[in-house]
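These are the residues of each chain, in order.
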Amino acid sequence: MECWTDLALPPEAARLRCPTLDNEAGHSSPVAGFRDGGRWRGGGRKRPVCVREPALRGHRAVQGATYTLMMVDPDAPSRSEPTKRYWRHWLVTDIKGNDIKKGNIQGQVLTPYKPPSPPANSGFHRYQLLVYLQERNEVLSLLPSESKSRGSWNMESFLNRFHLREPEASTQFMTQNSHDSPMIQAFRGDVRYFKDKPK
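Remember, it's a predicted structure, so these values are computed and weren't measured experimentally. (Residues numbered from 1 in each chain as written. Predicted model: local features only at pLDDT ≥ 70, side-chain atom pairs only at ≥ 80, totals over all residues. Heavy atoms only, no water.)

**Some details on the confidence of the model for the protein chain**
Note the cut-off: pLDDT gives the predictor's per-residue confidence on a scale running from 0 to 100. In this analysis, two residues are considered to be in contact whenever any of their non-hydrogen atoms come within 4.5 Å of each other.
Model confidence for the protein chain is summarised by a mean pLDDT of 74, while 65% of its residues fall at 70 or above. Across residues 1–50, where pLDDT falls below 50, the model places 137 contacts with residues more than four positions away in sequence or in other chains. Note that pLDDT drops below 50 for residues 187–199; the model gives that stretch 14 contacts with residues more than four away or on any other chain.

Dropping the structure here:
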């Protein structure tokens, strides 16, 4: 099943039309909206685990222009204490406008895609996908200190260093660890996770 995120929508109206299910590690992940050819693992009572990146398409991308795509979690490790905010889940530069229009995300991968994996008891996390126009003809790269860790990324510094202005497009979705969700536990048939146990 594919679910296209139309990054051409203005940020306030952008949406990701994908449900979430939990993976074998116990984390909720968007499971629809991944490219054909994505591999799924699991069987029995386990839920599918997607190992491919989301399929994205931007109708308003300019032919001949070059873009940067990033996916970050501003709520790491939790929304109440985001000490690792802007955890970098995906960073791709030098994506051609024609490729974004077709949903073909090809470019220089600075950070390989890592699916959402919010820790247990950390509540909902926002996962933000942002697309920036690369206005200057320069090579974008991470500093050695940025390459060492995905967490606590100074996204603002990266944007300023490479003169990336406001995002051309954005969207976000929210998910949480499956152990924090009574609904997912009920789906598993495990009622002990309900706060109000049925009588």
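**Considering the pairing of strand β8 (residues 87–96)**
To keep things clear, this is the line we draw: Only protein chains enter the accessibility calculation, which uses a 1.4 Å probe. A residue is then buried if its area is under 20% of the maximum for its type, exposed if over 50%, and partly exposed in between. Runs of H or I in DSSP of at least four residues are treated as helices and runs of E of at least two as strands, each being numbered from the N terminus. Pairs of strands are assigned from DSSP output, requiring at least two bridges between the strands.
Burial runs high along β8: seven of the 10 residues are buried. Pairing of strand β7 (residues 66–73) with β8 involves seven bridges; the strand directions are antiparallel. Bridging across to β8, L69 finds its partner in V92. Pairing geometry for β8 and strand β9 (residues 108–111), over three bridges, is antiparallel. Bridged to V92 within β9 is V109.

**Quick notes on the sheet that holds β8**
Selection rule: Convention adopted: a line fitted to C-alpha atoms gives each axis, helices being fitted over their contacting stretch, and angles between N-to-C directions are expressed from 0 to 180 degrees.
The five strands lie next to each other as β9-β8-β7-β10-β11, forming an open sheet whose pairing is antiparallel. Two strands bound the open sheet, and with one partner strand each, they are β9 and β11 (169–175). Averaged over all adjacent pairs, the angle separating strand axes in this sheet is 10°, with direction ignored.

**Remarks on the packing of aromatic side chains**
Rule in force here: Each Phe, Tyr or Trp ring (for Trp, its six-membered ring) is paired with any other whose centre lies within 6.5 Å, and the angle between the two planes then decides the class: stacked below 30 degrees, edge-to-face above 60, tilted in between. Placement of a charge over a ring requires the Lys NZ or Arg CZ to be within 6 Å of the ring centre, with the centre-to-atom vector within 35 degrees of the ring normal.
Overall, the coordinates contain four aromatic pairs when judged by the stated rule. When the centroid spacing of 5.5 Å and the interplanar angle of 20° are considered together, the rings of Y127 and F173 count as stacked. Pair noted here: Y127 is in strand β10 (residues 125–133) and F173 is in strand β11, with a separation of 46 residues, a long-range link. For F173, a relative accessible area of 9% corresponds to the buried category. Of the aromatic side chains, those joined through ring pairs into one cluster are W153, F158 and F162. Lying across the ring of W153, R88 places its NZ or CZ 5.1 Å from the centre.

**Concerning the nonpolar core**
Here is the rule we go by: Among buried residues, the Ala, Val, Leu, Ile, Met, Phe, Trp, Tyr and Cys ones that are joined through side-chain atoms within 4.5 Å form a nonpolar core.
Counting 17 residues, the largest nonpolar core has L69, M71, W90, I100, I105 and L129 as the members making the most contacts within it. Residue assignment for this core shows that the elements contributing at least two residues are β7, β8, β10 and β11. Within the second largest apolar cluster, 13 residues are counted, among which are V72, L91, L140 and L159.

**Notes on the side chain of D75**
Positionally, D75 belongs in the loop between β7 and β8. Overall, D75 belongs to the buried group, its relative accessible area being 2%. Filtering out sequence-adjacent residues up to four positions away, D75 remains in contact with P82, F124, H125 and R126.

**Here we look at the pairing of β11**
Each regular strand carries side chains that alternate between the two faces of the sheet. Across the seven residues of β11, five count as buried, placing the element largely inside the fold. Across seven bridges, the pairing between β10 and β11 is antiparallel. Note on β11: the bridge partner recorded for V131 is A169.

**Points about unusual backbone geometry**
Between A76 and P77 the backbone carries a cis peptide bond, its omega angle lying at -5°. Its place among the elements puts P77 in the loop between β7 and β8. In the Ramachandran plot, S152 falls in the positive-phi region, its phi being about 55° despite a non-glycine side chain. Tracing the backbone through its elements, the reader meets S152 in the loop between α2 (144–147) and α3 (155–161). One non-glycine residue, H163, lies in the positive phi region at around 55°. Judged by its relative accessible area of 31%, H163 is partly exposed.

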